[in-house]
Amino acid sequence: MKNKHVIDLLPDYLDHLLDAKQHAEVRQHLEVCKECTEHLKELELLLSAFRKEKMVRPGTTLKTRFDHMLEEEIKRNNKPVYPLNTRWLLPVLKIAAGIVILIGSFALGAYYQNIKSGNTIARLKETGQQYKQTAMLSLIESESASKRIQGIGYIEEFPDPDKKITTALIKRMESDPNTNVRLAAVHALEKFARSEAVKNAFVKALENETDPGVQIAVIHALVRIQEKKAVEPMQRILKQESTPPYVKKQIKALIPAIT
Amino acid sequence: MKEVAGGNLEALRFLFDRHHVYLYNFLYKMCGDEMLSEDLCQDVFYNIVRYRTSYKNGKFVSWMFTIARNSLSSHFRQHRAKNAPLDELPLQVEPPENETSENISQLQLALNQLETSDRELLILNRLHEIKYKELSEIVGSTPGAIKTKVSRALKKLRKIYFQTVQE
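The shown structure was predicted, so the numbers you read here are calculated from the model rather than taken from an experiment. (Residues numbered from 1 in each chain as written. Chains lettered and ligands numbered in written order. Predicted model: local features only at pLDDT ≥ 70, side-chain atom pairs only at ≥ 80, totals over all residues.)

Trainee: Describe the UniProt feature "transmembrane region" (unreviewed entry) in chain A, with residues and values.
Mentor: UniProt's feature table lists "transmembrane region" (unreviewed entry) at residues 88–112 of chain A, given in the numbering used throughout. In this annotation, residues 88–112 of chain A is assigned 96% helix and 0% strand; the end-to-end C-alpha distance for the span is 36 Å. (UniProt positions renumbered as here; feature names shortened; annotations may be inferred. Helix = DSSP H or I, 4+ residues; strand = E, 2+ residues; numbered from the N terminus.)

What follows is the structure, encoded as structure tokens:
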């Protein structure tokens, strides 16, 4: 330490920031080192200059301006602003309202769109149904027997056919020259047996039909719909000599089923 | 200051009375302009009011000088080199006019020749007796580094000071 200058420690030495051991070492060094003592003197002068440095008083306007600012701030603070903990509420509410409006308008638009397209689809279905009906009717009236059968087969497409179709089918059943067409018509009409017109048509067909196959189909249909009006014509057929024996057999077997 | 942060603005009056002279002197030593110092002083207290809720428990003086440093640097950023960092700013004190030069001490003249960062450290440490620990909080450094910097700045100042005295 004796040969080492302590210039760097001098500020702390003067501030009494060194621990006792270091302090003693510096003092020892200073006793023998002229250079460091010179430094210390200068530093003391410099630091005393700091201490002597006068505080400048600011102008009085500074105080006035501060007071003014503080008054303003206090006034602003006393205004009924939203308290700190509910201040977030307003923007949140705004956003929420925005979202509600967005979703609402979207739903409304979707709803109207739905009604509109629903209407269009219904109308399209309706027209499609009409086209089908026309196609079916024209097929039923066709020259070719197979086309007529095909047309009758289209009845599957109409869950709830209108009178025009049932009339056309009845006409086929009663007067079509082809047995197969008549047979197909019987099968098709069976589904709509609830209708009084169809029931009457069956009874009528039972009396007029000459083909045994068609006759049997009609008998089956009548039994299935439990048409009581059919019992009398059936018994009449039984008595007829021209009736084939197997038809009679069918009638005999089935009459008891109609109760 | 806790009271001020809690909403009692009247308490700031007390803090102002107690500290504004020190603050003003710091600013004055740093910029050498009385009017500017007053404006900046006002700015600092305005910011204290404005950002009172962001005050974290610490020494009020440290916080005040932190704000003061920011005000100073933003002022010089606005008025001089726009992109230069604080330490490189040409923050030179304007040469005093003849009539007031008698009021300016040798120490002030010597200080004016130091770099901004050195001058700032010495003013805060020596003139305002702010300890290394608080000083490191103000300028954002470690107490050890601050101690070294202050000691170096003191050496530089001593050189300048005794040169000017001898002249």
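Trainee: Could you give an account of the packing of helix α11 (residues 231–239) of chain A against helix α12 (residues 245–254) of chain A, naming the residues involved and the relevant values?
Mentor: Residues and elements named next belong to chain A. Look at α11 against α12: their axes get within 9 Å of each other, and the N-to-C directions meet at 145°. Read as a crossing pair, α11 and α12 show a hand that is left-handed. Residue-level inspection shows Met234, Ile237 and Leu238 of α11 in contact with α12, the latter providing Lys248, Ile251 and Lys252. Of the residues that constitute the contact of α11 with α12, the class distribution is 4 nonpolar, no polar and 2 charged. (Axes fitted to C-alpha atoms, helices over the stretch in contact; angles between N-to-C directions. Left-handed = near helix turned anticlockwise from the far one by under 90°. Contact = placed C-beta atoms within 7 Å. Nonpolar A, V, L, I, M, F, W, Y, C, P; charged D, E, K, R; others polar.)

Trainee: Any details on the confidence of the model for chain B? Residues and values, ideally.
Mentor: Interpreting fine coordinate detail is not advised for predicted regions of low pLDDT. Residues and elements named next belong to chain B. This prediction gives chain B a mean pLDDT of 76; 79% of its residues lie at or above 70. Averaged pLDDT values for the elements of chain B fall to 43 in helix α5 (residues 98–101) and rise to 85 in helix α3 (residues 34–50). Taken together, the stretch residues 95–101 has pLDDT below 50 and engages in 2 contacts with residues farther than four places along the chain or on a different chain. The ipTM value of the predicted complex is 0.70, and its pTM value is 0.49. (pLDDT = per-residue confidence, 0-100.)

Trainee: Break down the interface of chain A and chain B for me, with residues and values.
Mentor: Facing 23 residues of chain A, the contacting portion of chain B comprises 26 residues. Elements with a minimum of two residues in the side of chain A that touches chain B: α3 (34–52) and α4 (60–78) of chain A. Looking at the side of chain A that touches chain B residue by residue, the class counts come to 14 nonpolar, 3 polar and 6 charged.

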